[in-house]
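# Close look at the chain arrangement
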Amino acid sequence: MELVEQAGPGIEEQADQIAETACELADATAGCGWSVAAADDALVAIDTLAAALAQIDPEVREVLAAVTAATATARRRLGLRVDPEADCEVSTSATVPGVPGPRTGGRPRRRGLGPGFQGIR
């Protein structure tokens, strides 16, 4: 798979939303502590994004293997379970060796109020 001029439906918007959310998370964590759940969720997100990007081509997959190794090291240093694949179900169409897919087990995922929620006014 190569980069294309226009991504599939919704992909560019979702990628933009992920980048914006990552910036908001970085801002929110400045000077604050991380919980075990928050650190685990952030590491799962990094692994999942690496798996998605690894589908571009084999060279990208090879480079992103370092990301998976880094998140495994971070998990060990934080005392988290190093084998996140135990909580993951990897789609056969997106299988990348050593990179887990989205988590399906473990503690329940939080559900947000949806994109564009502005709060109660």
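Everything discussed here concerns the structure shown above.
Notes on the structure follow. (Residues numbered from 1 in each chain as written. Predicted model: local features only at pLDDT ≥ 70, side-chain atom pairs only at ≥ 80, totals over all residues. Heavy atoms only, no water.)

### Describing the overall build of the chain
Looking only at helices and strands, the chain has 3 helices and 0 strands in total. Looking at the chain as a whole, 21% of its 121 residues qualify as buried. With an accessible surface of roughly 9,000 Å², the chain has 59% of that area assigned to carbon and sulfur atoms. (Helix = DSSP H or I, 4+ residues; strand = E, 2+ residues; numbered from the N terminus. Buried < 20%, exposed > 50% of the residue type's maximum accessible area, 1.4 Å probe, protein only. Areas by Shrake-Rupley, 256 points an atom, 1.4 Å probe, with all protein chains shown as cover.)

### Remarks on helix α3 (residues 58-78)
Under the 1.5 Å per step criterion, the end-to-end length of α3 is 30 Å for 21 residues, consistent within 8% with the ideal 30 Å. Of all the residues in α3, the buried ones are Leu64, Thr68, Thr71, Ala72 and Arg75. Those residues of α3 that are buried lie in contact with α2 (36-53). Put simply, Asp57 is the residue that caps the front of α3, since its side-chain oxygen is 2.9 Å from the backbone nitrogen of Glu59. (Expected span 1.5 Å × (residues − 1). Contact = heavy atoms within 4.5 Å. Polar contact = N/O pair within 3.5 Å; in protein donor to acceptor, adjacent residues only side chain to side chain.)

### Remarks on a negative patch on the surface
A surface patch of negative charge is lined by Glu12, Glu13, Asp16, Glu20, Glu24 and Asp27. Structurally, the position occupied by Glu24 is in helix α1 (residues 11-29). (Patch = residues over 30% accessible without salt bridge, like charges linked within 9 Å, V, L, I, M, F, W, Y side chains within 5 Å. Salt bridge = Lys/Arg side-chain N within 4 Å of Asp/Glu carboxyl O. Lys, Arg positive; Asp, Glu negative; His and termini not counted. Charge placed at Lys NZ, Arg CZ, Asp CG, Glu CD.)

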